[in-house]
Each structure stands twice: as C-alpha cells, then as structure tokens.
Amino acid sequence: MNSAGHSEATAPRGLELTPFRGLRYDPDRVGNLAAVTSPPYDVVVRPDGVHHLQSADPHNIVRLILPQATTPAERNAQAARTLRRWLSEGVLTTDSQPGLYVYEQRDGDGLLQRGVIGALRLSEPSEGVVLPHEDVMPHVVADRAALMRATSANLEPLLLTYRGDGAASATAEVVERLAEQPPLLATTTEDGHSHRLWSVTDPSDMDRVQSDLARHQALIADGHHRWATYRRLRAEHPSPSPWDYGLVLLVDTARYPLRVRAIHRLLHGLPVADAVTALDGLFRVHRLEVPLAQALDALADAAREGNAFLLAGDGAFHLIDRPDPALLSRTVPAEHPAAWRTLDATVLHAALLDHVWHIPEDDPARITYIHDTAATVEKAERDGGTAVLMHPVREDVVRDLARRGVTMPRKSTSFGPKPASGLVLRALDV
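Residues numbered from 1 in each chain as written. Predicted model: local features only at pLDDT ≥ 70, side-chain atom pairs only at ≥ 80, totals over all residues. Heavy atoms only, no water.

Caption draft 1: Just the side chain of Lys 418, in detail. Within the element layout of this structure, Lys 418 appears in the loop between strand 20 (414-416) and strand 21 (426-427). Excluding anything up to four places from it in sequence, Lys 418 contacts Pro 40, Val 43, Gln 105, Leu 159, Asp 222 and His 371. (Helix = DSSP H or I, 4+ residues; strand = E, 2+ residues; numbered from the N terminus. Contact = heavy atoms within 4.5 Å.)

Next up, the structure:
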C-alpha cells in the first residue's frame with residue numbers, strides 16, 4: 001500500500017485513493033466545531049458570508065479559504081501566516097498516522113450521504129479516470145493556485161461521484177461498518193446539517209477500499225476549478241511529490257444519490273427593465289407578481305417544454321421562455337451534440353450573455369455566480385442588477401456528456417450536499 005506522495009509514478013487503472021495524515025481542529029482549542037466550519041469557498045456569498053463566518057469564531061476556516069486583505073498577494077500571505085500560527089498554537093493538529101476518512105452528512109429532510117475522503121492521484125482527462133463536465137475560468141484557477149502555493153495545503157475536499165455496486169461493494173461494507181462506531185468528530189452546522197467523521201487506518205480496510213475504487217471512474221460533482229488547480233500545481237513540481245495528489249470526497253451515487261441544483265447569475269449594471277427590453281422578439285416574456293416559490297414552480301413547468309429562465313431584481317419575476325429558433329441557430333455553436341446545444345446554460349451564455357446583453361461570462365465586475373436563490377434575488381434588488389435564475393440539469397445528462405468528453409458551460413450545476421470545509425485538511429509538507 002502506498003501513501004500519498006510516495007507511490008510509483010505509474011498510470012492508475014482507475015481511481016487511486018491514498019491515505020494521508022489529516023489536519024484537523026483540536027476540539028479542546030476551538031470548543032464549537034460547527035463555528036469553525038464553512039461552506040466551500042465558492043458558495044460563501046461575499047462579503048456578507050465572509051463577515052458572518054469570521055465573526056462566528058476567530059479560527060473559522062474562512063480565514064484560510066477566503067482571506068481578506070487589500071491585494072491578492074497579501075491575502076495569500078495572510079492565509080499562510082494564519083495556518084502556521086494555528087499549527088504552532090495547536091489549534092490545528094496532524095493525525096498520528098495516515099488514513100482514509102469516512103464522512104457522513106444528514107439533513108432534516110431525510111437526506112443521508114456517506115463517502116470516503118482521501119488523497120486522489122491526479123490524472124489527465126484523456127485517461128478517463130476523473131471526468132470534468134464544466135469549463136473553468138482561468139482567473140479563478142490562478143487565484144486558487146496562488147493560495148495553495150502559499151499555504152502548501154489542500155484546504156477543502158472536492159466532491160467527486162462514482163457509480164459503485166451499491167451495498168455489495170467492499171467500500172460500502174467498510175463505510176457502513178465504521179458508521180456504526182463512535183466518530184472522530186460530530187457536529188451540526190447552522191444550516192441544520194449534521195456531520196460525522198471516522199478514520200480508516202486498518203491496513204486491510206484501506207486495501208479493500210483502494211482495490212474497489214481502482215475499478216471505477218469518477219465525475220467531478222463540485223470543484224472543477226480546484227481540480228484544475230491541482231493539475232496546474234502538479235505540473236510545477238517534479239514527480240513523485242505530494243502534489244501528485246489532491247484532497248477529494250468520493251461518494252457512490254448508486255447508494256447515495258446527490259441532489260442537483262442550479263447556480264444562478266447576478267448581472268451587475270444591467271437593470272431588469274433593460275434586460276427585458278433587449279429580449280423583444282427574441283424570447284416570450286411573462287411578468288409574474290408571485291412569491292419566489294411560485295415563480296420557481298412556473299420556471300420548472302416552462303423548463304419541461306424547452307429553455308426557460310427567471311429574471312428578477314425589480315420586485316417581480318419575469319419568466320422568459322420559447323427562444324427564437326433563428327437566435328439560437330446563429331448564436332449556439334453547431335458542432336456540439338444536441339444535448340449540449342439545448343442546455344439552459346448553453347443558451348444563456350451563447351445567446352443571452354454574449355449576443356443580447358453583451359456581458360462577458362468571466363468578468364467578475366459584470367457577473368457573479370451564486371448558489372443561493374433567495375440571496376441572488378435580494379442582491380439584484382439591492383444593487384439594481386438582474387438576477388437570472390436557472391432550472392437544474394439532471395445528473396444523467398451531466399454524466400452522459402462528461403463520458404463523451406463534452407464539457408458544459410461553466411457553473412452549470414450545483415451538486416450537493418457539498419462537504420463542509422474545515423473538518424479535515426491535507427498539508428503537503430507532512
């Protein structure tokens with residue numbers, strides 16, 4: 001059995017998950033584990049979410065994943081200093097032996113998700129081991145890479161899914177058996193989700209999990225930018241090295257299906273009235289004077305018939321659907337499969353953002369990507385911009401496109417529940 005950073009540099013047959021010495025908060029030093037956790041960096045709604053989390057506890061993980069300073073270089077230096085200080089003070093401690101980790105999440109609606117956290121050997125897309133399904137924004141990858149270089153750590157696990165053999169698999173047996181034992185940690189975050197973590201250190205259990213996963217490929221459910229960051233940093237370090245691996249959570253969706261939600265867009269500097277006026281003759285527009293929940297129901301109904309979106313920001317909702325076929329034929333690239341051409345995200349980016357509203361999709365001054373529906377609407381109303389609310393894509397569509405090597409427009413999906421940040425980290429210099 002190989003430990004992360006010391007395996008032979010051979011191409012993996014499938015998923016090659018390796019143990020590592022987890023870096024975790026000492027409960028005696030921080031008191032409330034829930035107060036030091038955070039959603040993933042790109043789910044935190046800035047700046048409100050950052051300020052809320054920073055005030056929750058002086059040791060909240062947001063101070064590492066989203067450090068606040070006047071320049072990018074100072075932000076990253078600050079994160080590195082904070083990490084070193086927490087290590088020296090014993091706020092964060094390193095587990096005594098390498099292991100994998102079983103991670104469980106529950107919510108109040110009956111959702112149960114369990115998976116395995118480990119250091120996954122990085123691979124090229126051509127190997128078909130880890131399948132991306134979305135494009136990435138270069139400036140975000142550069143930002144995450146600079147932070148990882150400065151801290152020499154994987155601060156958050158990516159969320160990857162695979163289709164296992166259900167309860168009959170060796171991984172499922174190990175996961176379920178450990179879940180009956182007392183956990184390393186247990187906490188409930190303010191969103192009502194409970195989190196539990198166990199370590200897998202028995203050599204036979206690790207071997208069984210590793211052998212089972214080596215037969216599978218994975219889909220990146222959440223963390224495309226961090227996966228691209230892992231691969232960029234691996235290229236900067238001679239192999240073999242700890243940078244050959246990245247921190248991930250692997251969930252068997254045959255056993256624990258994920259929820260798929262949409263990621264919404266907030267368009268800065270574009271009032272709703274102007275956005276709607278520009279659609280004249282290009283989309284059908286219905287003004288809805290209803291609460292958010294009813295507006296989303298109307299969106300779901302319209303999405304069954306074709307491309308549909310909700311615009312908000314002026315106190316009402318505007319359902320736009322039935323795009324002009326001529327608009328789509330001249331704006332949506334024809335060389336892609338029909339399943340890609342008809343995606344809502346494709347139509348939004350190719351037809352609406354590029355052609356109608358002239359908003360660059362990777363300009364943070366013009367567009368923000370937000371997971372929370374109500375927060376998107378509230379920010380649009382407060383700032384005078386336009387919220388574009390999306391309907392989620394089915395997981396089978398995502399997986400089918402990924403297997404065919406077709407990437408979706410960036411920020412097309414939000415799989416969940418996402419792992420909480422701050423429960424286990426991976427230092428690359430231990």
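Caption draft 2: Examining the packing of aromatic side chains more closely. Here the structure, examined in full by the defined rule, presents four aromatic pairs. With a centroid separation of 5.3 Å and 55° between ring planes, the pair formed by Phe 20 and Tyr 101 is classed as tilted. You can see Phe 20 sitting in the loop between strand 1 (17-18) and strand 2 (23-25) and its partner Tyr 101 sitting in strand 4 (residues 100-106), a full 81 residues away along the chain. Under the relative-accessibility criterion, Phe 20 is labelled buried at 4%. Given the relative accessible area of 1%, Tyr 101 is considered buried. Look at Tyr 25 and Trp 86: their rings are 6.1 Å apart centre to centre, the planes differ by 50°, and that puts the pair in the tilted class. Placement of the pair is Tyr 25 in strand 2 and Trp 86 in helix 4 (residues 72-89), with a sequence separation of 61 residues. Each member of the pair, Tyr 25 together with Trp 86, is buried. Just above the ring of Tyr 41 sits the side chain of Arg 144; from NZ or CZ to the centre is 4.0 Å. (Phe/Tyr/Trp six-rings, centres within 6.5 Å; stacked < 30°, edge-to-face > 60°. Buried < 20%, exposed > 50% of the residue type's maximum accessible area, 1.4 Å probe, protein only. Lys NZ or Arg CZ within 6 Å of the ring centre and 35° of its normal.)

Caption draft 3: Structural context of helix 4. Here helix 4 is 18 residues long and its end C-alpha atoms lie 26 Å apart, about the 26 Å a rise of 1.5 Å per residue gives. Every buried residue of helix 4 is accounted for by Asn 76, Ala 79, Ala 80, Thr 82, Leu 83 and Trp 86. Looking straight down helix 4, one finds its buried side chains confined to an arc of 160°; they lie on one side. Helix 4 presents Ala 73, Arg 84 and Ser 88 as exposed residues on the side facing more than 90 degrees away from its buried surface. (Expected span 1.5 Å × (residues − 1). Arc of directions from axis to C-beta.)

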